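Each chain is listed here by its residues.
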Amino acid sequence: MAGELKGDSVIIADQAEGSRLYNRGSYGYPISRGGLELDLVEATYLLECNRLEVNGPYGPMDFESMFRYASGCYPEFDIRYIVYRDIRQRGFIVKNETGGGDMAVYPRGMIPSRSPPQFMLMPVSEQSKAHLEELAADASHRKCARVYGVVDEEGDLTYYQMSFADMAAGVLRRPIGPVDGTFVRDRVFVFDQQGSEDLRANGFYGKTISGVLQLSLMEACHLSEEGVLKVQTHSREPVSLDDLKHQAEKSQESFRMRYSVYRDLRAKGLTVKTGFKYGTHFRVYEGSPDDSHARYLVHALPASEALSWPEISRIVRLSGGVKKEILLALMGKKVDYLTFKWFRP
């Protein structure tokens, strides 16, 4: 069948041919006066598959001339085409969304007018940035899965699904207190055995070394703010919560942001420990760290952060390697937890 190139679309004027193409793959959009309108991605794909002939301003167009023309009309047309082509060849119905970069992908064998999309797909280049706040805002009003098709410099495709983490609530009990602690450099030590047992049994705080409970400044600030811990120096001078936070800010980068995430996780009843050995800020348990493995690894980031796709790829690969769910905790007006996973269409 034949179509005519008009601006940023290809028009199939013959109503019978247009209807046949639309009914066998849901390509294009029927137009009121009869016929079918194809966008440039669809038209280029159909031309490659030898299902369409395109007449341009200077005569018939082959795949090369069509691809060159479309690339001049849209930035990163090549990225979009690679993703569209791959999804179509997997048997899915794909509709390019107007006014944005998304593709609506429908289940195999389903007609778009009779089915909601199975997932929304965004084609992106490996060299682009993922602006997390924008991704989270976009995902929050979507009713289906959010998938990114990442095209690397060799043209290979990797799919990632992004979603908000549905974190299970823990059942931690609050320490009884009050407990006395001694501030030494960048840690707080609890020498009282009863106080140590209270903090370990009710929240799994700290680590016991030679019968002494050692608390991180993160833990000490949280316990002080909860009114459970009273901190003093080795000379028994009181150390306020502001003093603890000030000391923590001097020794730990982005302490206030990470502390906000720590408090949020604790408020959910979860056990929070350092994630240093995994290269993240926290490892998170739903119960006792002595009786179970950490379910989550959490890395705190400002909501305005932009990550490269190679960085996201490393995060996902680490998650698979350690068999834990890695969450990106975005600190804005509230804490949102995002997760990326490999996705196979």
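The following refers to the structure shown. These figures come from a predicted structure and were not determined experimentally.

## With respect to the layout of surface pockets
Right, on to step 1. Roughly 840 Å³ of internal volume is contained in the largest pocket.
Right, on to step 2. Around the largest pocket, the lining comprises 28 residues; the ones closest to its centre are Ser-216, Glu-219, Lys-273, Thr-274 and Arg-283.
Right, on to step 3. Only β16 (212–216), α7 (217–225), α9 (255–267), β19 (271–274) and β20 (282–285) provide two or more residues apiece to the lining of the largest pocket.
Right, on to step 4. Here the lining of the largest pocket is composed, by residue class, of nine nonpolar, nine polar and 10 charged.

## With respect to the side chain of Arg-146
Right, on to step 1. The topology assignment puts Arg-146 in strand β11 (residues 145–151).
Right, on to step 2. Judged by its relative accessible area of 4%, Arg-146 is buried.
Right, on to step 3. Of note is the side chain of Arg-146, whose polar atom sits 3.1 Å from the side chain of Asp-102.
Right, on to step 4. Each residue touching Arg-146, except ones within four places of it in the same chain, is listed here: Asp-102, Met-120, Leu-121, Met-122, Asp-138, Tyr-160, Gln-161 and Met-162.

## Remarks on the side chain of Arg-266
Right, on to step 1. Secondary-structure assignment places Arg-266 in helix α9.
Right, on to step 2. As a buried residue without a salt bridge, Arg-266 has its nearest oppositely charged side chain in Glu-219, at a separation of 4.7 Å.
Right, on to step 3. In terms of polar contacts, Arg-266 uses its side chain to reach the backbone carbonyl oxygen of Gly-203, at 2.8 Å.
Right, on to step 4. Setting aside anything within four residues of it in sequence, one finds Arg-266 in contact with Leu-172, Gly-203, Phe-204, Tyr-205, His-222, Thr-271 and Val-272.

## Some words on the pairing of strand β14 (residues 187–190)
Right, on to step 1. Every second residue of β14 is oriented toward a common face, the buried set being Val-188 and Val-190 and the non-buried set Arg-187 and Phe-189.
Right, on to step 2. Direction of pairing for strand β13 (residues 179–184) relative to β14: antiparallel, over a ladder of three bridges. Each bridged residue has a counterpart across the sheet, and for Val-184 the counterpart in β14 is Arg-187.
Right, on to step 3. As consecutive antiparallel partners, β13 and β14 are separated by two residues, and within that stretch Arg-185 has a phi angle of approximately 60°, a positive value.

## With respect to the nonpolar core
One broad trend across soluble globular proteins is that nonpolar side chains are buried collectively.
Right, on to step 1. Counting 38 residues, the largest nonpolar core has Leu-265, Val-298 and Tyr-337 as its most contacted members.
Right, on to step 2. Residue contributions to this core peak at six residues, all from α9.
Right, on to step 3. Leave out the neighbours within four places in its chain, and Leu-265 touches Met-167, Leu-270, Val-272, Phe-282, Val-284, Val-298 and Tyr-337.

## Side note on helix α5 (residues 132–140)
Right, on to step 1. Those residues of α5 that fall on the buried side of the exposure criterion are Leu-132, Leu-135, Ala-136, Asp-138 and Ala-139. Seen from one end, α5 has its buried residues packed into an arc of 165°, which puts them on one side. Set apart from the buried face of α5 by more than 90 degrees, the exposed residues are Glu-134 and Ser-140.

## Focus: the sheet that holds β16
Right, on to step 1. Taken in spatial order, the six strands line up as β15-β16-β14-β13-β17-β18 in an open sheet, and their pairing is mixed. Only two strands of the sheet have a single neighbouring strand rather than two, namely β15 (207–209) and β18 (238–239).
Right, on to step 2. In the packing of helix α6 (residues 193–201) onto the sheet, contacts are made with β13, β14, β15 and β16, and the angle to β16 comes to roughly 50°.
Right, on to step 3. Lying over the sheet, α7 contacts β13, β14, β16 and β17 (229–232), oriented at roughly 90° with respect to β16.

## Some words on the sheet that holds strand β21 (residues 296–302)
Right, on to step 1. As summarised here, the arrangement of the 10 strands in space is β7-β8-β9-β11-β12-β24-β23-β21-β20-β19, forming an open sheet in which the pairing is mixed. Two strands bound the open sheet, and with one partner strand each, they are β7 (93–96) and β19. Going across the sheet, the axis of each strand differs from the next one's by a mean of 30°, ignoring polarity.
Right, on to step 2. By the bridge criterion, three bridges tie strand β8 (residues 103–106) to strand β9 (residues 119–125) in an arrangement that is antiparallel. Opposite Val-105, over in β9, you have Phe-119 as the bridge partner.
Right, on to step 3. Taken strand by strand, helix α4 (residues 77–89) contacts β7, β8, β9, β11 and β12 (157–164), and its axis lies near 140° from that of β9.
Right, on to step 4. Of the strands in this sheet, β11, β12, β21, β23 (325–331) and β24 (335–342) touch α5, which is tilted by about 70° from β12.

## Concerning the environment of Met-61
Right, on to step 1. Relative to the helices and strands, Met-61 is located in strand β6 (residues 59–61).
Right, on to step 2. Given a relative accessible area of 14%, Met-61 falls into the buried group.
Right, on to step 3. For the pair Met-61 and Asp-152, spaced 91 residues apart in sequence, the C-alpha separation works out to 28 Å.
Right, on to step 4. Beyond its immediate sequence surroundings of up to four residues, Met-61 is in contact with Leu-5, Leu-47, Val-54, Gly-56, Met-66 and Tyr-69.

## Observations regarding the packing of aromatic side chains
Right, on to step 1. Following the criterion strictly, the structure yields 14 aromatic pairs and no others.
Right, on to step 2. Centre to centre, the rings of Tyr-148 and Trp-309 are 5.3 Å apart; their planes meet at 40°, and the pair counts as tilted. Note that Tyr-148 is positioned in strand β11 and Trp-309 in helix α10 (residues 309–322), a separation of 161 residues in sequence. Judged on exposure class, the residue Tyr-148 and its partner Trp-309 are both buried.
Right, on to step 3. A ring pair is formed by Phe-255 and Tyr-259, whose centres lie 5.6 Å apart and whose planes are at 10°; its orientation type is stacked. In this pair, Phe-255 and Tyr-259 both sit in helix α9, four residues apart, roughly one turn of the helix.
Right, on to step 4. Relative accessible area serves as the criterion here: at 2%, Phe-255 is assigned to the buried category.
Right, on to step 5. Cation over ring: Arg-88 sits above Tyr-27, and NZ or CZ is 3.8 Å from the ring centre.

So, how was this worked out
Residues numbered from 1 in each chain as written. Predicted model: local features only at pLDDT ≥ 70, side-chain atom pairs only at ≥ 80, totals over all residues. Heavy atoms only, no water. 1 Å grid on protein atoms, 1.4 Å probe; cavity = no way out; pocket = protein on both sides within 12 Å on 5 of 7 lines; lining within 4 Å. Points joined across faces, edges and corners; volume = space filled by probe spheres on them. Helix = DSSP H or I, 4+ residues; strand = E, 2+ residues; numbered from the N terminus. Nonpolar A, V, L, I, M, F, W, Y, C, P; charged D, E, K, R; others polar. Buried < 20%, exposed > 50% of the residue type's maximum accessible area, 1.4 Å probe, protein only. Polar contact = N/O pair within 3.5 Å; in protein donor to acceptor, adjacent residues only side chain to side chain. Contact = heavy atoms within 4.5 Å. Lys, Arg positive; Asp, Glu negative; His and termini not counted. Salt bridge = Lys/Arg side-chain N within 4 Å of Asp/Glu carboxyl O. Pairing = 2+ DSSP bridges. Core = buried A, V, L, I, M, F, W, Y, C linked by side-chain atoms within 4.5 Å. Arc of directions from axis to C-beta. Axes fitted to C-alpha atoms, helices over the stretch in contact; angles between N-to-C directions. Phe/Tyr/Trp six-rings, centres within 6.5 Å; stacked < 30°, edge-to-face > 60°. Lys NZ or Arg CZ within 6 Å of the ring centre and 35° of its normal.

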